[in-house]
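Residue-level listing of the chains:
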Amino acid sequence: MKSQNNRSLALTFVLLALLLTACSAGGQEPPPSQEPAPAPVPGQEQEIDPDKEVLVFAQLSGSNADRSVRRDVIDRFNRSHDDVQIVVKDYSLTATDDQGPDRLLVEMSAGQVPDIIDLGGSLPFHQMVKKGYLEDLWPYIENDPELGREGVLENPLKLSEVDGGLYMLFGGVEIRTLVSSPALVGDRTGWTLQELRDAFAAMPEGSTIMSFNTSREEIAGFLMRYSVEAYVDREAGTCSFDDPSFRSLMEFVQMLPGIEEVEEEIGGIDYIDVVRDARSRQQKGLQLLEEIDMSFRELQIQDMLWGGRCAMIGYPTEDGSGGSMFRPRGPQLGISATCGNKEAAWEFVRTVMTNPSGESFDTPLKRDQYEMKRNAAMTVKAPLDFDPVTHEEITAPPLTEERAGEFDDFFNSIDKIDIWDGSLISLIQEICDPYFAGAKDLDETIRLLQNRVGLYLSEQM
């Protein structure tokens, strides 16, 4: 078992070393002039106030509680403004309508550009920036009396820039990383693939690199999402999937068990028991790594699970530098470059920072909210589990000031962010799924990727 994991999962981390790299957009071309705000949208419950200026908000996240702007936030904004009203126009994907994002893009190309755009859905963000549809938000942050650059955590925002401009605002992040015991990997925040191999070779027979209940679909989705940018050149409008490392990725994923096999193996086992079994393997030194979304509260928990202190080691990289990544959380909003009232639009967009999601495992980017979470982690125990016999709660102790400072350093060292191009990922998955199902061979799949992804990229030039 160990040798099989060592051989196949090593390929995973070769590919994980090719994590997302920031892609620059070229020069901008101005979008068509904005037409007057559209009439009330059928199916929307909002009433239009004829005495107010309408700002159209293109919503793409539907009822997704994480990425959507809450309706009470919209209603509160409208009640507090006598001269302007936010009207929601729904372009979200639903079971009965899978054309919402495409419909929005068609309308925008025809000049019907909304004032505020939900960028957390399936929109080609880089293309929209390149075509000049979006407003740079840094000046608004800098002039905001409650924010300013000193009032926000700049690192994730700067990583999401395109050519120095900030075109998307979000109020929080997840930190995707790998953790382990310092006894196994050392007390550090980065390593190489060879160092991973060495650490795994020293483990007992029967050990695994990561959790045992991982399916082909999970790994495929993860690798496609986090490594695809290594094979596309947005500036040149080209792709390079006919590459040995991508072929290895595909072949590796094909070797893994499908979701049906995994479900059969763990079928009938309660989810809590699966989690506890994984934790038991960690405590026995039989699992090298755990993939988690790191935060102050999660650090409390992981420190306890790994014997009092965990190593935020991250994914292996070629040079051994940090291999962790931000993922935006909550609504991700942009302002149209043709918006007629950008100051009012900013008052609405800034609510993504001033109205925190409340998710305990998110890290807010508004500095005072970040400090509140930091202080809470140093004073309040984190719930971890309960004793099945006594039913007493098991908790993780608060962080020390020194440990909280180490999280600060870790946060500021991260140099990657996941700005997901949903259209591109969907296209790649559509092409690759038949290969994983055994319906197409690898050569044909790569030819299709080169042709169709190449066409997609060239159309965005």
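Check the entry above for the structure.
Residues numbered from 1 in each chain as written. Predicted model: local features only at pLDDT ≥ 70, side-chain atom pairs only at ≥ 80, totals over all residues. Heavy atoms only, no water.

Draft legend 1. Representation of the overall build of the chain in the model. Per the secondary structure count, the chain includes 19 helices and 11 strands. Out of the 461 residues belonging to the chain, those deemed buried represent 52%. Within the chain, counting contacts between residues at least 6 apart in sequence, those at least 24 apart form 79% of the total. Of the roughly 20,500 Å² of accessible surface on the chain, a fraction of 49% belongs to carbon and sulfur atoms. (Helix = DSSP H or I, 4+ residues; strand = E, 2+ residues; numbered from the N terminus. Buried < 20%, exposed > 50% of the residue type's maximum accessible area, 1.4 Å probe, protein only. Contact = heavy atoms within 4.5 Å. Areas by Shrake-Rupley, 256 points an atom, 1.4 Å probe, with all protein chains shown as cover.)

Draft legend 2. Quick peek at the packing of aromatic side chains. Following the criterion strictly, the structure yields 11 aromatic pairs and no others. Aromatic pair Phe57 and Phe348: ring centres 5.5 Å apart, planes at 65 degrees, arrangement edge-to-face. With Phe57 in strand β1 (residues 53-59) and Phe348 in helix α14 (residues 342-349), the pair connects residues that are 291 residues apart, well separated along the chain. Both residues of the pair, Phe57 and Phe348, count as buried. Joined through ring pairs, the aromatic side chains of Phe296, Phe326, Tyr370, Phe407, Phe410 and Phe411 make up one cluster. When the ring centre of Trp138 is taken as reference, the NZ or CZ atom of Arg149 above it lies at 3.8 Å. (Phe/Tyr/Trp six-rings, centres within 6.5 Å; stacked < 30°, edge-to-face > 60°. Lys NZ or Arg CZ within 6 Å of the ring centre and 35° of its normal.)

Draft legend 3. Structural context of helix α17 (residues 401-413). Over its 13 residues, α17 extends 19 Å from the first C-alpha to the last, a length consistent with the 18 Å expected when each residue adds 1.5 Å. Among the residues of α17, Arg403, Ala404, Gly405, Phe407, Asp408, Phe410 and Phe411 are the ones counted as buried. (Expected span 1.5 Å × (residues − 1).)

Draft legend 4. The arrangement of the side chain of Gln332 in detail. Along the polypeptide, Gln332 turns up in strand β8 (residues 325-335). Non-local contacts of Gln332, meaning those with residues more than four positions away in its chain, are made with Arg67, Ile117, Asp118, Leu119, Gly120, Met168, Leu169 and Phe170.

Draft legend 5. Broad picture of the packing of helix α16 (residues 367-379) against α17. Two elements in contact, α16 and α17, have axes whose closest approach is 9 Å; the angle formed by their N-to-C orientations is 145 degrees. As α16 packs across α17, the resulting crossing turns out to be right-handed. Seen from α16, the contacting residues are Tyr370, Arg374 and Met378; seen from α17, they are Glu401, Ala404, Gly405, Phe407, Asp408 and Phe411. For the contact of α16 with α17, a count of residues per class yields five nonpolar, one polar and three charged. (Axes fitted to C-alpha atoms, helices over the stretch in contact; angles between N-to-C directions. Left-handed = near helix turned anticlockwise from the far one by under 90°. Nonpolar A, V, L, I, M, F, W, Y, C, P; charged D, E, K, R; others polar.)

Draft legend 6. Structural view of the environment of Gly165. If you trace the backbone, Gly165 turns up in the loop between α6 (154-159) and β4 (169-179). For Gly165, a relative accessible area of 2% corresponds to the buried category. Separated by 27 residues in sequence, Gly165 and Trp138 have C-alpha atoms that sit 7.0 Å apart. Discounting residues that sit within four places of it in the chain, Gly165 has contacts with Asp136 and Trp138.

Draft legend 7. Representation of the environment of Val352 within the structure. Mapped onto the elements of the fold, Val352 is located in helix α15 (residues 351-354). Separated by 283 residues in the primary sequence, Val352 and Val69 place their C-alpha atoms 7.8 Å from one another. Leaving out residues up to four positions away in the same chain, Val352 has contacts with Leu169, Phe170, Gly171, Pro331 and Leu333.

Draft legend 8. Main features of helix α12 (residues 271-283). Between the first and last C-alpha of α12 there are 19 Å, a value that for 13 residues agrees with the 18 Å anticipated at 1.5 Å per step. Among the residues of α12, those classed as buried are Val274, Ala278, Arg281 and Gln282. Here the buried residues of α12 occupy an arc of 105 degrees about the axis, which is enough to place them on one side. Looking at the buried side of α12, the elements it contacts are β7 (290-294) and α13 (296-305). Just past α12, the residue Gly285 takes up positive phi, approximately 75 degrees. (Arc of directions from axis to C-beta.)

Draft legend 9. Local environment of the packing of helix α18 (residues 422-436) against helix α19 (residues 442-459). Where α18 contacts α19, the two axes come as close as 9 Å, and the packing angle between them is 160 degrees. Taken together, α18 and α19 sit at an angle that is classed as roughly antiparallel. Our pair here, α18 against α19, has a crossing hand that is right-handed. Between α18, through Ser423, Leu424, Leu427, Ile428, Glu430, Ile431, Cys432 and Tyr435, and α19, the contact on the second element is made entirely by Leu442, Thr445, Leu448, Leu449, Arg452, Val453 and Tyr456. Of the residues that constitute the contact of α18 with α19, the class distribution is 11 nonpolar, two polar and two charged. (Parallel < 35°, antiparallel > 145°, perpendicular 65-115°, else oblique.)

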